[in-house]
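# Structural characterization, general
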Amino acid sequence: MIHELDADRVVGYFRGKSILITGSTGFLGKVLLEKILRVQPDVKKLFLLVRAVDVETAKHRVQNEVTGREIFQVLKEKHGNGFEDFIQEKLCPLAGDIVYENLGLCNAEVTQLSKEIDIIINGAATTNFYERYDVAFDANVLGAKHICEFAKRCTKLKMLLHVSTVMSCPEQPRQLAGEQEGILLEKPFLMGETLREGVYLEIKSEQNLIEETRRELRANCSSERTEKGTMKELGLKRAREFGWSNTYVFTKAMGEMLLGHVRGNLPVVIVRPSIITSILKEPLPGWMEGIRTIDSVIIGYAKQALTFFLVNPDSIMDVIPGDMVVNAMMVAMTAHSEEQAQTIYHVTSSLRNPAKYNILAESLHRYFLHNTPCLGKDGKPLQLRKLRLFRTWPMFRAYMAITYKLPLEILRLVDLALCGLFSWSYKELSRKYLHVMRLVEFYAPYTLFKGCFDDMNMEKLRGTMNNKKQGNNGRYDFDFDPKSIDWDSYFYRIHIPGVVKYLCG
């Protein structure tokens, strides 16, 4: 690893490079793409692998879903009328998908790219906690394998960076409610390793199980809805059998296993961010896309549709702004270029600058009290209530039973007595009740989590950055130190306003 870096050296590393990026249509992908183009306009080419039927469709997706978004406004102002020409010169959309061998590209494309690519950044994934098992397996497991196999064909390759998640960490709690305490290390996965002692995971067997389940469903002429529900439940069942809380983190863990197993001598960096939140500094503070764990609570509270939740207010909420994740990725690629090793980084905040859930709860209440009023369906301001937090599952279940489950049972009995007069109301309220319980069940491993994530490797990487030796006069920033964040100010002045502006519309 390079032992001394500064912003100029990081920026210089990307000059003249050809980079293949997957996941560019996602939130983190957009932040990364914009940053590279803004700080290093002399990058040679950015190849964007996009799910599309042809190149024209891929170009259309990039224009509408990537460069047409607000985050590129600073870049547009910088280039003025030349923005479109600049984008056309630097970006090359490719119609493909990581779920296929050779990334779904034709032989000619593979041959050309294998001679040109210097860096591969794999950010493509399905992040749905309750995704179909077959869909999640193809994207998060086989996708990692296909990227690695493609990387081996690239004769000029200097770096393969893979984006994972810290919640798939090999030292995750062995109880689904997050009872384990302590520091979880930046360790690689061993092939077949699980979170349950004495239980071994065979990835090929999981693939066979998926294929067999799919065959059985189709042999029985199952409806699309039945197939979807069966595959979702299968993913959740298999994840929990091996100790993971949901399909997303389970398949991301398997993806890391395969990548580590088949990489050979490739220079590989795996970054494991925690919950990624809105941009802290540049280019657009508060900008974000996609609803993440804590944002569901913020949106629900903004509409006063959610006034309670299962969360220990004293628990640490490990979140990290998206621009800090991208800064860490770019510095890590520079530091480990052409290094024939695998390095893992936790891009997290729980150890260096822990933020407790009560900070978010207080900021949330104060923001809507002082700023944007919560409006009802009639457009009139709603009466603002503080978010009620339940520290344990028993407390939460008791509240739900008394406040919702008991009235539902009474409604069911009345409905039976009146020959189905309230059947629609009962079914709709039952659906909402089950939805809330399922939502809380998925989030419990995070909201009741008692551990924190070690970032010793990341701290060493921060130590290589000479922040005093900057020759860019503040033109660009590569800060990825969570200690610099004032969480109360960030939530109140940046993140919550960002959620309201970009996600509540």
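As a starting point, this report considers the structure included with it. Each chain carries its own residue numbering, running from 1 in the written order of its sequence. The predicted nature of this model means local features are confined to residues of pLDDT at least 70 and side-chain atom pairs, given and counted, to a pLDDT of 80 or more, with totals for whole chains, interfaces and linings taken over all residues. Processing note: side-chain calculations cover all non-hydrogen atoms of the structure and skip hydrogens and water entirely.

## Considerations on a nonpolar patch on the surface
Under the convention used in this document: Think of a patch as exposed residues, more than 30% relative accessible area, with no salt bridge, where like charges cluster within 9 Å and nonpolar side chains (Val, Leu, Ile, Met, Phe, Trp, Tyr) cluster within 5 Å. We get accessible surface area from the Shrake-Rupley algorithm with a probe of 1.4 Å; when it comes to residues, only the shown protein chains can shield them. Here, a salt bridge means any Lys or Arg side-chain nitrogen found within 4 Å of an Asp or Glu carboxyl oxygen. A run of H or I in DSSP counts as a helix once it spans at least four residues, and a run of E counts as a strand once it spans at least two, with each numbered from the N terminus. Burial classes: relative accessible area under 20% of the type maximum marks a residue as buried, over 50% as exposed, and values in between as partly exposed (1.4 Å probe, protein chains only).
Together, L406, I410, V414, L418, L421 and F422 line one region of the surface with nonpolar side chains, adding up to about 530 Å² of accessible area. With respect to the helices and strands, V414 occurs in helix α14 (residues 393–417). Overall, V414 belongs to the partly exposed group, its relative accessible area being 33%.

## Re the pattern of salt bridges
Summed over the entire model, instances satisfying the criterion amount to 32 salt bridges. The partner of R240 in a salt bridge is E441, with the nearest N and O atoms 2.8 Å apart. One end of the pair, R240, is in helix α9 (residues 224–241); the other, E441, is in helix α15 (residues 423–447), and 201 residues separate them in sequence. The exposure class of E441 is partly exposed, given its relative accessible area of 28%. Bridged by salt links that share partners, the residues R132, D134, R214, R218 and E227 form one connected network.

## Brief notes about the nonpolar core
We count it as follows: Take the buried residues of types Ala, Val, Leu, Ile, Met, Phe, Trp, Tyr and Cys, join any two whose side-chain atoms come within 4.5 Å, and each joined set is a nonpolar core.
With 138 residues, the main nonpolar core has L37, L46, W244, M329, M330, M333 and F478 as its most contacted residues. It is helix α12 (residues 322–335) that provides the largest number of residues to this core, a total of 10 residues. One finds I98, C154, L259 and I344 within the second-largest nonpolar core, a separate group that totals 25 residues.

## Observations regarding the packing of aromatic side chains
Convention followed: For Phe, Tyr and Trp, where Trp contributes only its six-membered ring, two rings pair if their centres lie within 6.5 Å, and the inter-plane angle classes them as stacked under 30 degrees, edge-to-face over 60, or tilted in between. Two thresholds decide whether a charge sits over a ring: the Lys NZ or Arg CZ must be within 6 Å of the ring centre and within 35 degrees of the ring normal.
Within the structure shown, the criterion is met by 26 aromatic pairs. Considering the side-chain rings of Y133 and F137, the 6.2 Å spacing of their centres and the 80° angle between planes classify their relative orientation as edge-to-face. Of this pair, Y133 and F137 both sit in helix α7 (residues 133–152), separated by four residues, roughly a single helical turn. Exposure class is identical for Y133 and F137. Each is buried. Summarising the aromatic geometry, the rings of W487 and F491 are spaced 5.8 Å apart at their centres and angled 25° between planes, so their arrangement reads as stacked. Here W487 pairs with F491, and both are found in helix α17 (residues 487–502), just four residues apart, close to one helical turn. Judged by relative accessible area, W487 falls into the buried class, the value being 4%. Of the aromatic side chains, those joined through ring pairs into one cluster are Y133, F137, F189, F242, W244 and F250. Positioned above the aromatic ring of Y13, the side-chain terminus of K17 is 4.3 Å from the ring centre. The ring of Y130 carries the charged tip of R438 above its face, separated from the ring centre by 4.7 Å.

## Regarding the sheet that holds strand β1 (residues 18–22)
Two orientations exist for strands paired in a sheet by backbone hydrogen bonds: parallel and antiparallel. Stated formally: One bridge is not enough; two strands pair if DSSP finds at least two bridges between them. A fitted line through C-alpha atoms serves as each axis, taken over the contacting stretch for helices, and the angle formed by two N-to-C directions is quoted from 0 to 180°.
Strand order in this open sheet of seven strands is β3-β2-β1-β4-β5-β7-β11, and the pairing throughout is parallel. A strand with exactly one partner marks an edge of an open sheet, and here the two such strands are β3 (91–95) and β11 (342–347). On average, each strand axis in the sheet is tilted by 15° relative to the strand beside it, whichever way the strands run. Relative to strand β2 (residues 45–50), β1 runs parallel, the two being bridged by five bridges. Residue pairing for β2: S18 is matched across the bridge by K45.

## Side note on the environment of R132
Spelled out, the test is: Should any heavy atoms of two residues lie within 4.5 Å, those residues are counted as being in contact. Under this definition, polar contacts are N or O atom pairs within 3.5 Å; protein pairs additionally need one hydrogen-donor-capable and one acceptor-capable atom, and for neighbouring residues in sequence, both atoms have to be side-chain atoms.
Residue placement: R132 occurs in the loop between β4 (119–122) and α7. Remark: the alpha-carbon pair of R132 and M288, spanning 156 residues in sequence, is separated by 25 Å. Not counting residues up to four positions away in its chain, the partners in contact with R132 are E227, K228, M231 and K232. Among the polar contacts listed, one links the side chain of R132 to the side chain of E227, at a separation of 3.0 Å.

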